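Chain residues, written in single-letter form:
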Amino acid sequence: MARGYLVAGNWKMNGSSAANAALLEGLVRGVAECPAIDVLVCPPAVYLEAAHRHLAASPIALGAQNLSDQAKPGAFTGEVDAAMLNDVGCSHVLVGHSERRTLYGEDDACVARKFVVAQSGGLIPVLCIGETLAEREADATETVLKRQLDAVISAAGIAAFLNAVIAYEPVWAIGTGRTASTEQAQAAHAFIRGVIAKNDAKIANSVRLLYGGSVKADNAASLFSCEDVDGGLIGGASLKAPEFLAICASAQILAASRDA
Ligand code: PEP
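Residue numbers run consecutively from 1 along every chain, following the written order of its sequence. In keeping with the predicted nature of the model, local features appear solely for residues at pLDDT of at least 70, side-chain atom pairs appear and are counted solely at 80 or more, and the whole-chain, interface and lining totals rest on all residues. Only hydrogens and water are removed before side-chain values are computed, so all heavy atoms of the structure are retained for them.

**Quick word on the overall build of the protein chain**
As a reminder of what qualifies: Every helix listed is a DSSP run of H or I at least four residues long, and every strand listed is a run of E at least two residues long, numbered separately from the N terminus. Based on C-alpha atoms, the radius of gyration is set beside the globule rule, defined as 2.2 Å times the residue count to the power 0.38. Any two residues whose heavy atoms approach within 4.5 Å at even a single point are treated as in contact. Under the convention used here, a 1.4 Å probe and the Shrake-Rupley method define accessible areas, while residue burial counts only the protein chains that appear. Charged-residue counts in this description rest on Lys and Arg as positive and Asp and Glu as negative, His and the chain ends being excluded. Working definition for charges: the position is that of NZ of Lys, CZ of Arg, CG of Asp or CD of Glu.
Across its full length, the protein chain carries 11 helices and eight strands. Rg of the C-alpha trace for the protein chain: 17 Å, near the compact-globule value of 18 Å for 260 residues, within the 12% margin. Each principal axis of the C-alpha atoms in the protein chain carries an extent, and together these give about 50 × 45 × 35 Å. Partitioning the intrachain contacts of the protein chain with sequence separation of at least 6 by distance along the chain shows that 73% fall at a separation of at least 24. Of the roughly 11400 Å² of accessible surface on the protein chain, a fraction of 55% belongs to carbon and sulfur atoms. Here the protein chain holds 20 positive side-chain charges and 27 negative ones, and the gap between their average locations is 1 Å.

**Some details on the site of the ligand**
The criterion, for reference: The criterion for a residue being near a molecule or strand is simple. One of its heavy atoms has to lie within 4 Å of it. Under the rule applied, a polar contact is a pair of N or O atoms within 3.5 Å (in protein, one hydrogen donor and one hydrogen acceptor; residues adjacent in sequence only if both atoms are side-chain atoms). Each residue receives one of three labels: charged for Asp, Glu, Lys and Arg, nonpolar for Ala, Val, Leu, Ile, Met, Phe, Trp, Tyr, Cys and Pro, and polar for the others, Gly being one of them.
Every one of the 14 residues lining the ligand counts as a neighbour, but Lys12, Glu169, Gly175, Ser214 and Gly235 are closest to it. Taking Gly236, its main chain carries an N or O atom lying 2.9 Å from an oxygen atom of the ligand. In isolation the ligand has 290 Å² of accessible area, and contact with the protein removes 97% of it. Its residues assigned to classes, the shell around the ligand comprises four nonpolar, eight polar and two charged.

**Side note on unusual backbone geometry**
To be explicit about the condition: Working definition: with a 1.4 Å probe on protein chains only, accessible area under 20% of the residue-type maximum means buried, over 50% means exposed, and in between means partly exposed.
Of note, the phi angle at Lys12 is positive, near 50°, even though the residue is not glycine. Within the secondary structure layout, Lys12 lies in the loop between strand E1 (6–10) and helix H1 (17–30). Phi is positive for Ser214, which is not a glycine, with a value near 55°. With respect to the secondary-structure elements, Ser214 resides in the loop between strand E7 (208–212) and helix H10 (220–224). Judged by relative accessible area, which is 10%, Ser214 ranks as buried.

**Observations regarding the sheet that holds strand E6 (residues 165–168)**
Pairing between sheet strands relies on hydrogen bonds along the backbone, with the strands arranged either parallel or antiparallel. Condition: At least two DSSP bridges between two strands are needed for those strands to be called paired. Inter-axis angles, ranging from 0 to 180 degrees, are taken between N-to-C directions of lines fitted to C-alpha atoms, where helices are fitted over the stretch in contact.
Taken in spatial order, the eight strands line up as E1-E2-E3-E4-E5-E6-E7-E8 and close into a barrel, and their pairing is parallel. The mean inter-strand angle of the sheet, taken between neighbouring strand axes irrespective of direction, is 25°. Pairing analysis gives five bridges linking E1 to strand E2 (residues 38–42), with the strands arranged parallel. Counted as the bridge partner of Asn10 is Cys42 from E2. Sheet contacts for helix H5 (residues 108–120): strand E4 (92–95) and strand E5 (124–129); angle to E5, the most-contacted strand, approximately 160°.

**A short note on helix H8 (residues 182–199)**
The cut-off we apply is this: Each residue after the first adds 1.5 Å to the expected span of a helix.
For H8, which comprises 18 residues, the first-to-last C-alpha distance of 26 Å matches the rise-based estimate of 26 Å (1.5 Å per residue) to within 8%. The set of residues buried in H8 consists of Ala185, Gln186, Ala188, His189, Phe191, Ile192, Arg193, Val195 and Ile196.

**Observations regarding the environment of Leu210**
Checked against the element boundaries, Leu210 lands in strand E7. Counting along the chain gives 44 residues from Leu210 to Ile166, while the straight-line C-alpha distance between them is 6.2 Å. Ignoring any residue separated from it by four or fewer positions in sequence, one finds Leu210 in contact with Leu6, Ala8, Val165, Ile166, Ala167, Tyr168, His189, Asp230, Gly231, Gly232 and Leu233.

**Remarks on the nonpolar core**
The following threshold applies: The set of buried Ala, Val, Leu, Ile, Met, Phe, Trp, Tyr and Cys residues whose side-chain atoms join them within 4.5 Å is what this entry labels a nonpolar core.
Of all hydrophobic cores here, the largest spans 72 residues; its most connected members are Phe161 and Phe224. If one sorts the elements of this core by residue count, helix H11 (residues 241–259) sits on top with eight residues. When neighbours within four sequence positions are excluded, Phe224 is seen to be in contact with Tyr5, Val7, Val215, Val229, Gly231, Gly232, Ile247, Ala251, Leu254 and Arg258.

**A short note on the packing of aromatic side chains**
Operational definition: Only Phe, Tyr and Trp rings take part, Trp by its six-membered ring, and two of them pair if their centres are within 6.5 Å. Stacked means planes under 30 degrees apart, edge-to-face means over 60, and tilted covers everything else. Two conditions define a charge located above a ring, namely a distance within 6 Å from the ring centre to NZ of Lys or CZ of Arg, and an angle within 35 degrees of the ring normal.
Evaluation of the coordinates by the stated rule reveals three aromatic pairs. Centroid distance Tyr5 to Phe224: 6.2 Å. Interplanar angle 40°. Geometry classified as tilted. Of this pair, Tyr5 sits in the segment before E1 while Phe224 sits in helix H10, and the two are 219 residues apart along the sequence. Residue Tyr5 is classed as buried on the basis of its relative accessible area, which comes to 1%. For the ring pair Tyr168 and Tyr211, a centre distance of 6.3 Å and an interplane angle of 55° mean the geometry is tilted. Residue Tyr168 is located in strand E6, and its partner Tyr211 is located in strand E7; the two are separated by 43 residues in the primary sequence. For Tyr168, a relative accessible area of 1% puts it in the buried group. The class of Tyr211 is buried, set by a relative accessible area of 0%. The side chain of Arg100 reaches across the aromatic face of Tyr104, ending 4.3 Å from its centre.

See the structure below:
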């Protein structure tokens, strides 16, 4: 299997110049032990440029948590576009995180626009999709995942997924300490890969699918060992270097055994 593991940290609205410097220093030192995986950190926008400097000699990639849906610069007070994120060293950007969808009213069309402008601006979008607890309990998980995916596929085209990452993040597991079981995670990931495969089997096989939702050092190995899970999007546990590095180490062990 050609897909490698990616472990991504979403710092959300946390950090300070001093705390970020200490965290990044720990990560830069620690990822040397994880050469077989890719690692990404997504600090708040105001700290991206400083983070880029800290990561200069490191393989850790830098991502933003959000971007404007506008394709061209202009009178959009408070917004930051893809070109600006690129300019300060980002290679990736989260798109459609459930907190953006629920707290800031981003609907499927808005998320699709952001996905398209991210790629046009040279960024790799990490498309976040996932169902709420009510949707899962109503047996609507697959319907929701397909609707969220289809919105992006019809706006961007399936070939766009050659250069994108998908994160399955059940909303009920984000920041709750409640994690999807390995069976739930694998079933959702297999379904997502199947939706992509109906459009293009080769792309389905190459696209990386991350699991997100209360991943910690003690559950990462079992989640990452699922056939269709290619790493994780980590929130709370990405804020402490030892915990995040322990999650990376789980992926490293699995990556090394997949390669063997
Ligand atoms: C997230 O915010 O993407 C996330 C998965 O958070 P947590 O790991 O804290 O559940």
